[in-house]
Amino acid sequence: MQAFLTLGKYLTLGFWVLPLLALFGALGEQWSQYMLWAGVFVFFAHLGELLLVQGKLRACGKAGIMDAVMVILVGFFYWLPIFQQEKI
């Protein structure tokens with residue numbers, strides 16, 4: 001399970017490179033537009049996810065700015081291990 005979460009973190013961080021490349025025009029014009037829209041969609045999905053789990057993160061003592069940034073960047077790959085450790 002830990003290997004899956006680690007791989008997910010790296011793949012999600014790798015995804016964010018594509019919208020950044022699209023911002024700088026390194027992709028073709030049509031691909032840039034698709035990647036920018038995908039980046040916006042994923043950003044707002046992760047922002048909604050942060051709003052949903054913020055209370056639980058606060059209860060676990062993980063309510064700092066960097067915790068919020070990590071949830072926005074990698075989503076549940078960040079908070080799932082935290083919540084699993086709290087159950088043990």
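Keep in mind it's a predicted model, so treat the numbers as computed, not measured.

Participant: Break down helix H5 (residues 76-87) for me, with residues and values.
Facilitator: With twelve residues, H5 extends 16 Å from end C-alpha to end C-alpha; this agrees with the ideal 16 Å at 1.5 Å per step. When H5 is considered as a whole, its buried residues turn out to be Phe 77, Tyr 78, Trp 79, Pro 81, Ile 82 and Phe 83.

Participant: Which residues make up the nonpolar core, and what are the values?
Facilitator: Formed by 13 residues in total, the largest nonpolar core has its most connected members in Leu 57, Val 71, Trp 79 and Phe 83. Considering each element in turn, this core owes the most residues, five residues, to H5. Once residues within four sequence positions are removed from consideration, Trp 79 is found in contact with Glu 49, Val 53, Leu 57 and Val 71.

Participant: Describe the packing of helix H4 (residues 65-74) against H5, listing the residues and the values that go with them.
Facilitator: Where H4 contacts H5, the axes come no closer than 7 Å and their chain directions differ by 120 degrees. Considering the angle they form, H4 stands oblique to H5. Where H4 approaches H5, its residues Asp 67, Met 70, Val 71 and Val 74 are matched on the opposing element by Phe 76, Phe 77, Tyr 78 and Trp 79. A class-by-class count of the residues in the contact of H4 with H5 yields seven nonpolar, no polar and one charged.

Participant: Tell me about H4, and name the residues and values.
Facilitator: If you check which residues of H4 are buried, you get Asp 67, Ala 68, Val 71, Ile 72 and Val 74. For H4, the secondary structure elements touched by its buried residues are helix H1 (2-15), helix H3 (29-59) and H5. Looking at the residues trailing H4, positive phi occurs at Gly 75, about 65 degrees.

About the criteria used
- Each chain has its residues counted from 1, following the order in which its sequence is written.
- Where totals are concerned, whole chains, interfaces and linings use all residues; where local detail is concerned, this predicted model gives features only for residues with pLDDT of at least 70, and gives and counts side-chain atom pairs only at 80 or more.
- Side-chain calculation: all heavy atoms of the structure are included, whereas hydrogens and water are not.
- Put simply, DSSP marks the helices as runs of H or I at least four residues long and the strands as runs of E at least two long, and each gets a number from the N terminus on.
- Take the number of residues in a helix, subtract one, and multiply by 1.5 Å to get its expected span.
- The cut-offs for exposure are 20% and 50% of the maximum accessible area for each residue type, with area from a 1.4 Å probe on protein chains only; residues under the lower value are buried, those over the upper are exposed, and the others partly exposed.
- Here the nonpolar core consists of buried residues drawn from Ala, Val, Leu, Ile, Met, Phe, Trp, Tyr and Cys, with membership extended through side-chain atoms lying within 4.5 Å.
- In this analysis, two residues are considered to be in contact whenever any of their non-hydrogen atoms come within 4.5 Å of each other.
- Geometry is summarised by axes, namely lines fitted to C-alpha atoms with helices restricted to the contacting stretch, and by angles between N-to-C directions that run from 0 to 180 degrees.
- Any angle that falls under 35 degrees is termed roughly parallel, while one over 145 is termed roughly antiparallel, one within 65 to 115 roughly perpendicular, and all others oblique.
- Residues were grouped as follows: Ala, Val, Leu, Ile, Met, Phe, Trp, Tyr, Cys and Pro as nonpolar; Asp, Glu, Lys and Arg as charged; and all remaining residues, including Gly, as polar.

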